[in-house]
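Fold and contact review
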Amino acid sequence: QLQASGGGLVQAGGSLRLSCVASGRPFNSWAMGWFRQAPGQDREFVAAIKFRGGSTRYAEPVKGRFTISSDNAKNTVYLQMNSLRPEDTAVYYCSADSSMIQSSLASQSAYRYWGQGTEVTVSS
C-alpha cells in the first residue's frame, strides 16, 4: 500500500515536498517513482529512485528543480520540488515495484503498485 501526501497550492517559484510511504512488505530491494497527470493530459514520468544503491532518474522538465530521495528505514520516498512552475500543476502519483532495472524506472507499465495521488497546483 502506498500513501502519498504533501500536495497543495503554491505560487510560481515556490517549493513543495511530497512524501510517499510504503507499507505491507520489506522494500529494501524495490524502486519507487513519481508520475504526474495534468488535466486533459496523459500521465507522465517525473522521477524515480532505487532503494538499494539510491540510483535516480529524472524527466527532463524537472531536472535541476526536483530531487527525489528515500528513507529506507521508513519505507518513504520524498520529492522535493523547487522553482515550481504553473506547468507543474498536476495530480502526482507515487508508484513502486520490485527488482526494477534502471532502464525501466521511467516506464509506467513497470510499476504494479500505485498510490492515490496528491494534487499540486502552481499559480502564476
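A short tour of the structure in this document, coming up. None of the values given here were measured: they were computed from a predicted structure. (Residues numbered from 1 in each chain as written. Predicted model: local features only at pLDDT ≥ 70, side-chain atom pairs only at ≥ 80, totals over all residues. Heavy atoms only, no water.)

Counted according to the given criterion, the structure contains five aromatic pairs. Arranged with centres 6.2 Å apart and planes meeting at 65 degrees, the rings of Tyr111 and Trp114 form a pair that is edge-to-face. Cluster of aromatic residues (ring-pair linked, three or more members): Phe35, Phe45, Tyr111 and Trp114. In this arrangement the basic side chain of Arg43 is found over the ring face of Tyr93, its NZ or CZ atom lying 5.1 Å from the centre. Its guanidinium or amino end placed over the ring of Trp114, Arg43 lies 4.0 Å from that ring's centre, counting from NZ or CZ. (Phe/Tyr/Trp six-rings, centres within 6.5 Å; stacked < 30°, edge-to-face > 60°. Lys NZ or Arg CZ within 6 Å of the ring centre and 35° of its normal.)

Here we have four strands laid out as an open sheet, ordered β1-β3-β8-β7, and antiparallel in their pairing. Among the strands making up the open sheet, the edge pair consists of β1 (2–5) and β7 (66–71). Each strand of the sheet is rotated relative to its neighbour by a mean of 15 degrees, with strand direction disregarded. Strand direction decides the pairing type here: β7 and strand β8 (residues 76–81), joined by six bridges, are antiparallel. Residue pairing for β8: Thr67 is matched across the bridge by Gln80. (Pairing = 2+ DSSP bridges. Helix = DSSP H or I, 4+ residues; strand = E, 2+ residues; numbered from the N terminus. Axes fitted to C-alpha atoms, helices over the stretch in contact; angles between N-to-C directions.)

Right, let's talk about the nonpolar core for a bit. By size, the foremost hydrophobic cluster in this structure holds 37 residues, and its most contacted members are Trp34, Leu79, Met81 and Tyr92. Listing elements by their share of this core, those giving two or more residues are β1, β3 (16–22), β4 (30–37), β5 (44–50), β7, β8, β9 (90–98) and β11 (118–123). Beyond its immediate stretch of four places on either side in the chain, Tyr92 contacts Leu18, Trp34, Phe35, Arg36, Val46, Phe66, Leu79, Met81, Gly117, Thr118 and Val120. (Core = buried A, V, L, I, M, F, W, Y, C linked by side-chain atoms within 4.5 Å. Buried < 20%, exposed > 50% of the residue type's maximum accessible area, 1.4 Å probe, protein only. Contact = heavy atoms within 4.5 Å.)

Of note in this structure, Asn75 is not a glycine but carries a positive phi near 50 degrees. By secondary structure assignment, the location of Asn75 is in the loop between β7 and β8. For Asn75, a relative accessible area of 17% puts it in the buried group. Positioned with a positive phi, Ser83 is a non-glycine residue whose angle comes to about 50 degrees. Mapped onto the elements of the fold, Ser83 is located in the loop between β8 and β9.

A separate point is the pattern of salt bridges. What the rule picks out here adds up to five salt bridges. Two residues, Glu44 and Arg36, come together in a salt bridge whose shortest N-O distance is 2.7 Å. Given the relative accessible area of 34%, Glu44 is considered partly exposed. Here Asp88 ties to Arg65 by a salt bridge, and the two come within 2.7 Å at their closest N and O atoms. A residue pair is termed long-range when its members are at least 10 positions apart, and Asp88 in the loop between β8 and β9 and Arg65 in the loop between β6 (56–58) and β7 qualify at 23 residues. (Salt bridge = Lys/Arg side-chain N within 4 Å of Asp/Glu carboxyl O.)

Within β8, five of the six residues are buried, leaving the element largely enclosed by the surrounding structure. Sheet analysis places β3 next to β8, joined by six bridges and oriented antiparallel. Pairing of Leu18 across the sheet is with Leu79, part of β8.

Next up on the list: the side chain of Asp97. Looking at the element boundaries, Asp97 is found in strand β9. Assessed through its relative accessible area of 4%, Asp97 is described here as buried. Side-chain polar atoms of Asp97 contact the backbone nitrogen of Arg112, separated by 2.8 Å. Sequence-distant contacts of Asp97, defined by excluding residues within four places in its chain, comprise Trp30, Ala31, Ala110, Tyr111 and Arg112. (Polar contact = N/O pair within 3.5 Å; in protein donor to acceptor, adjacent residues only side chain to side chain.)

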